[in-house]
Amino acid sequence: MRIAVFGTGAVGGYFGGRLLDAGQDVSFIARGGHLAALQQHGLRITSPKGDLHRPVIATDDPSTVGPVDVVLFTVKLYDVESSAPRLISLIGPETVVITLQNGVEAVEMVSRHVGAGHVAGGVAYVVAVVDEPGHIRHTTADRLVFGEPEGQLSDRLLRFQEAGRRAGFVADLSPHIDLDLWVKFVRLGTWSGMTTVTRSTIGIIRQHPSLMRMMDAALDEAMAVGRARGITFPDGLVDGTQQMVRSFPFESKSSMLEDLERGRRLELPWLSGAIARMGEESGVATPTHAFINAVLLPHQNGR
């Protein structure tokens, strides 16, 4: 398959690197120092699942890549509106753009620019960070869930599922991607908000019962917002989420905390901010997420 990774940060770089290493035709669209490092020194991934170092095709101009089969669209949420119009040169008749943003609003945002028929929802479960330009440090988890908005098991996504599995990561084609997006949203919205507002790793939060109670309250609020918007969550979601929190490595951080520590912009308006906003629209109280949003608001635009 011809694959373009648009926004080669930790998520796009990790999964794109694994696909490239498995023999797929992958082009990376990046910018700044990260782009320069990719062009000069290639892509390096350090991971418990195996390190790799490969030369790559990297550019800041998607028009030089041309139409592809799959675009992994992995820019931050605050860059979606400015980046989505630049996808046009990558779109052929059967191209699918898999949105891998956090939150639950990216599919609609991208569809306005490239057409709903070219967009599929996606969820990335991976703990990774760009440690330095050109180098991605992967800690744990490497799963992609993706699906057509209408639920059909399309040939184009079946092919991508096969490519992902050959690349060695978990690749699941879902018939109910909207639910998958919401499950990720309520979990990540909670984890990212809690780790960022406390400036703490998951391990530190686990050590304090009061913070764990706060995390449980935040999860309950997010799920209440989802139910008010028509989402039926699976049984056992709360218990499963608590088990995941207990299983994460002590040093695990959310990407929003990594961004805060580096003085970058935050995805706050689409995470705790979105839960608080949607709660207000739906008449659901979200005091924990409203608190997180208020405390982090001065840092929203970075240094």
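Treat the numbers as computed from the prediction; the structure is a model and nothing was measured. (Residues numbered from 1 in each chain as written. Predicted model: local features only at pLDDT ≥ 70, side-chain atom pairs only at ≥ 80, totals over all residues. Heavy atoms only, no water.)

Points about the nonpolar core
Soluble, globular proteins show a tendency: their nonpolar side chains are buried together. Definition in use: Side-chain atoms within 4.5 Å link the members of a nonpolar core, which is a set of buried Ala, Val, Leu, Ile, Met, Phe, Trp, Tyr and Cys residues. We call a residue buried when its accessible area falls under 20% of the maximum for its residue type, exposed when it is over 50%, and partly exposed in between, using a 1.4 Å probe and counting protein chains only. Elements are defined by DSSP. Helices are runs of H or I of four residues or more, strands are runs of E of two residues or more, and each kind is numbered from the N terminus. Whether two residues are in contact is decided by their heavy atoms, any of which lying within 4.5 Å being enough.
With 39 residues, the main nonpolar core has W182, F185, V186, M215 and F233 as its most contacted residues. Secondary-structure elements contributing two or more residues to this core are β8 (119-132), α6 (177-198), α7 (202-206), α8 (209-228), α9 (237-247), α10 (255-261), α11 (272-282) and α12 (287-296). With 10 residues, α6 is the single largest residue contributor to this core. Contacts of F185, omitting those with residues within four sequence positions, involve G103, V104, T190, W270, L271, A274, I275 and M278. Counting 37 residues, the second largest nonpolar core, distinct from the first, contains M1, L38, L72 and A171.

A look at the packing of α8 against α11
Selection rule: Here, axes are lines fitted to C-alpha atoms. For helices the fit covers the stretch in contact, and angles between N-to-C directions go from 0 to 180 degrees. Roughly parallel means an angle under 35 degrees; roughly antiparallel, over 145; roughly perpendicular, 65 to 115; everything else is oblique. Rotating anticlockwise by less than a right angle from the far helix to the near helix defines a left-handed crossing, while the corresponding clockwise rotation defines a right-handed one.
Closest axis-to-axis distance for the α8/α11 pair is 9 Å, and the angle between their directions is 45 degrees. Overall, the two elements α8 and α11 adopt an arrangement that is oblique. Where α8 crosses over α11, the two elements pack in a sense that is left-handed. For the pair α8 and α11, contact is made by A222, V225 and A228 and by I275, M278, G279 and S282, respectively.

What to know about the pattern of salt bridges
Oppositely charged side chains can pair when the atoms bearing their charge come close. Note the following rule: By definition here, a salt bridge exists when the distance from a side-chain nitrogen of Lys or Arg to a carboxyl oxygen of Asp or Glu is within 4 Å.
Across all of its chains, the model carries 18 salt bridges by this definition. Among the ionic pairs, D79 bridges to R31, the shortest N-O distance being 3.1 Å. In this pair, D79 sits in the loop between β6 (68-73) and α3 (80-83) while R31 sits in the loop between β2 (25-29) and α2 (32-41), placing the two residues 48 residues apart along the sequence. You can call R31 exposed: its relative accessible area is 60%.

Comments concerning the pairing of β8
To keep things clear, this is the line we draw: Two strands form a pair only when DSSP identifies at least two bridges running between them.
With 11 of its 14 residues buried, β8 lies for the most part within the structure. Remark: two residues form the turn of the hairpin made by β8 and strand β9 (residues 135-147), two consecutive strands paired antiparallel; G134 in that turn has positive phi of roughly 85 degrees.

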